[in-house]
Amino acid sequence: MADDTRERFINPYTDFGFKKLFGTEMNKDLLISFLNALFNGSEKEIEDIQYLNGENLGDGYGNRRSVFDVYCMAKDGSRFIVEMQKAEQAYFKDRSVYYATTPIRQQAPKGEWDYRLDDVYTVGILNFEFPHGEYPADSYRHEIKLKDVEDNHVFYDKLTFIYLEMPKFTKTEDELVTMFDKWMFVLHNLYRLLERPKALQDRIFQKLFEQAEIARYSESERRQYEESKKVFWDNFSVLKTATEKGMREGIQKAKIEAACKMKAKGYAVEDIAEITGLTVEEIDAQ
């Protein structure tokens, strides 16, 4: 955890920090730079964006609501949902797909329509790793499209999900080469920094650090940031506690399973206790 007494720049993992940097008209050049770095000129070049309403009322079962961190549209009609996801949650992928339906449905005009759609992108900046080793330890950028399972060709290229597993990004300042490297580094480390690194001397990062400097904020903005930061660290603490509890329960379950197998094979209770670390009473209870 960062030392709050020395904190100079805001934490972009907080709601306030993320929207301050990426969710305002004044700072839309920061979002444009980040998105272009994300694509690295391989797929598209974004010249300008228009912010769209980030809160959309659902029209289906239960009147569900879709609330986006940042929702915008490029000049070519492409739509982007950009979210900072702070903690893993159940059905995270389902949630991403559900959210992507909003910019798809919004493209349907009244009257006759030939069903042509513009591109839709969901960009998830994840402050956690996908579970169960789904991706290699050195793989942190994942681009998902609809593909044919037989020959792996892209069946539909207008719906794209891009996920960034931030904890896996471990490059140091000396290892930053591309703009994407630099953006990953600054998002992952901003609140830990006390000054702008030499590797981030590009003009866009000069503006980012100016906008991120807490001392420049009004009293009201600082208060909003402190409240947002408290929510972030509270959530972090709850998640950490739950994870540690789950690990303890998992270890205990494994010990009991091992003890049951040893009992079935005729091991002495005292030997089982010595091997597993369980008490005699816990073993007898199985």
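Structural notes, computed from the coordinates. It should be emphasised that the depicted structure is a prediction, and the values quoted were computed from it without experimental measurement.

**Here's the deal with the overall build of the protein**
At step 1: The number of helices and strands found in the protein is 8 helices and 8 strands.
At step 2: In the protein, which comprises 286 residues, the proportion classed as buried is 42%.
At step 3: Put simply, 58% of the contacts in the protein that link residues at least 6 apart link residues at least 24 apart.
At step 4: Summing over all exposed atoms, the protein offers an accessible surface of approximately 16700 Å²; the carbon and sulfur share of this is 51%.

**What about the packing of helix H2 (residues 28-39) against helix H5 (residues 203-212)?**
At step 1: Where H2 contacts H5, the two axes come as close as 10 Å, and the packing angle between them is 130 degrees. As summarised for this structure, H2 and H5 are arranged oblique, according to the angle between their axes. Viewed along their axes, H2 and H5 form a crossing whose handedness is left-handed. For the pair H2 and H5, the contacting residues are Asp29, Leu30 and Ser33 in the first and Ile204, Lys207 and Leu208 in the second.
At step 2: Grouping the constituent residues of the contact of H2 with H5 by class yields 3 nonpolar, 1 polar and 2 charged.

**Remarks on empty space enclosed by the protein**
A probe as big as a water molecule, rolled over the atoms, marks out the empty space that is left.
At step 1: Tallied over the entire structure, the rule returns 1 cavity of 30 Å³ or more.
At step 2: Around the largest cavity, the lining residues are Glu83, Gln85, Phe92, Ser96, Thr122, Gly124 and Tyr163.
At step 3: Listed by contribution, the elements that provide at least two residues to the lining of the largest cavity are strand E5 (79-85), helix H3 (92-105) and strand E6 (120-126).
At step 4: Here the residues of the lining of the largest cavity are counted per class, giving 2 nonpolar, 4 polar and 1 charged.

**Quick notes on H3**
At step 1: Here H3 is 14 residues long and its end C-alpha atoms lie 21 Å apart, about the 20 Å a rise of 1.5 Å per residue gives.
At step 2: Here H3 has its buried residues at Phe92, Ser96, Tyr99, Ala100, Thr102 and Pro103. All buried residues of H3 lie within an arc of 140 degrees about the axis, which places them on one face of the element.

Here is what the cut-offs are and how they apply
- Residues numbered from 1 in each chain as written.
- Predicted model: local features only at pLDDT ≥ 70, side-chain atom pairs only at ≥ 80, totals over all residues.
- Heavy atoms only, no water.
- Helix = DSSP H or I, 4+ residues; strand = E, 2+ residues; numbered from the N terminus.
- Buried < 20%, exposed > 50% of the residue type's maximum accessible area, 1.4 Å probe, protein only.
- Contact = heavy atoms within 4.5 Å.
- Areas by Shrake-Rupley, 256 points an atom, 1.4 Å probe, with all protein chains shown as cover.
- Axes fitted to C-alpha atoms, helices over the stretch in contact; angles between N-to-C directions.
- Parallel < 35°, antiparallel > 145°, perpendicular 65-115°, else oblique.
- Left-handed = near helix turned anticlockwise from the far one by under 90°.
- Nonpolar A, V, L, I, M, F, W, Y, C, P; charged D, E, K, R; others polar.
- 1 Å grid on protein atoms, 1.4 Å probe; cavity = no way out; pocket = protein on both sides within 12 Å on 5 of 7 lines; lining within 4 Å.
- Points joined across faces, edges and corners; volume = space filled by probe spheres on them.
- Expected span 1.5 Å × (residues − 1).
- Arc of directions from axis to C-beta.

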